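# Structural overview for review
Listed here are the chains, written in short residue letters.
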Amino acid sequence: MRQTVRLRLTLLYSGLFLLAGVLLVALIYVLVEYSPFPGPPAAPMAPGGAGPPVQTPRVEQSEHLRRLLVNSLIALAVMAFAAMLLGLFMAGRVLRPLDEMTAAVRRITADRLDRRLAASGPDDELKKLADTFDELLDRLEAAFTAQRQFVANASHELRTPLTLQRAMTEVALADPAADARSLRAVLERMLAAGKHQERLIEALLTLARSQQGLHHRQPLDLAAITGQALDHRGALDVRVESSLRPAPASGDRALIERLVANLLDNALRYNVPGGRITVETAVWSGRPSLRVSNSGPVIPPDRVHLLLRPFQRLETGRKASGDGLGLGLSIVAAIVEAHHGTLEARALPEGGLEVTVAFGHPGTGGR
């Protein structure tokens, strides 16, 4: 027989009832046998010793005890059977919502994540379980949708340079008068397209690695990493203002370096001629933090969150001075999430963007 929850609950209820009944019968028997209260007075013997002897109270008491025990056991057996039937019925009533949830879950597939349990009834443990499962489905549906969109965007971004390379090759081969100079120009353009693909693939790998979480941590200082990133850029066309105070943290150094580089590249790429970049590191509210702000075109505040998604560009508000991939800030957001940090992006009223990243204290494991 299948050991269902309903059967186990029925056996548990019946077993507990039977045990309680046995204890009750035994207690009644002991109390009657060894009652602390005085019994009735002894019956007198027959006069002159004639006639049948009168039964003693002890014999009558033993007979009553035997009949009481037999009747109690019969009543206990009847009640145990009734308790089993009642327990089976009640267990079915209590577990009926679980059966309905199980049937609903079986109808949910990867292609139909829009279904929900939508449990009704009292706010008990079963409804909380159903609501928790619905919240999980919401997150799964959002993750599946984002994954499909990401794959579609990545495929488009990778197909575009491949199509361009193929077109350039076909045009060069179809030209019978092509000389070494024209072929060299085609090869240079193909090389540039290949570098763009390489950067895109490297960015995609970094994004995937960030979304997988951290495998190891090490102590680091946001100020030192940011200072090295600024030094490697040399002279820039914009004014850089930096205030790098110590900000000790812990995490994956390679990912943190990528985060800093992406923030600086984003601030530089989406800027204006003669603009400025402000970089700050410090410990704010007990958390090591990095803040990068830049001048630039005015960004609608209600569209700032779109910049944190892969391959999202605000063409009407942000004009790139270079060949941005549309992955910079999404990689930053993934790295921050992998470190259990927080990211706040704010559009500046005068134009540009301010991004603040905060990590956990080193002693708290990054949390």
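All residue numbers refer to positions counted from 1 along the written sequence of the respective chain. Given that the model is predicted, a residue must reach a pLDDT of at least 70 before its local features are reported, and side-chain atom pairs must reach 80 or more before they are shown or counted; all residues, however, enter totals for whole chains, interfaces and linings. The side-chain numbers reported here are obtained from all heavy atoms of the structure, hydrogens and water having been left aside.

Pairing between the strands of a sheet is mediated by backbone hydrogen bonds and can be parallel or antiparallel. At least two DSSP bridges between two strands are required for those strands to pair. A run of DSSP states H or I qualifies as a helix once it reaches four residues; a run of E qualifies as a strand once it reaches two. Both are numbered from the N-terminal end. Strand order in this open sheet of five strands is β2-β4-β5-β7-β6, and the pairing throughout is mixed. Of all strands in the sheet, those bounded by a partner on one side alone are β2 (239-244) and β6 (342-347). Each adjacent strand pair in this sheet contributes to an overall mean axis angle of 10°, direction not counted. Note that strand β5 (residues 287-294) and strand β7 (residues 353-358) share six bridges and pair antiparallel. When the sheet's bridge partners are listed, Val292 is paired in β7 with Val355. By definition, residues are in contact when any of their heavy atoms lie within 4.5 Å. Every axis corresponds to a line fitted to the C-alpha atoms, with the helix fit spanning only the stretch in contact, and the corresponding angles, defined between N-to-C directions, vary from 0 to 180 degrees. Taken strand by strand, helix α7 (residues 328-338) contacts β6 and β7, and its axis lies near 150° from that of β6.

Positive phi is not limited to glycine here, since Ser285 has a value of about 55°. Mapped onto the elements, Ser285 comes out in the loop between β4 (276-284) and β5. Relative accessible area serves as the criterion here: at 76%, Ser285 is assigned to the exposed category. Phi at His340 takes a positive value of approximately 55°, unusual for a residue other than glycine. Whether a residue is buried, partly exposed or exposed follows from its accessible area with a 1.4 Å probe, protein chains only, as a fraction of its type maximum: under 20%, in between, or over 50%, in that order.

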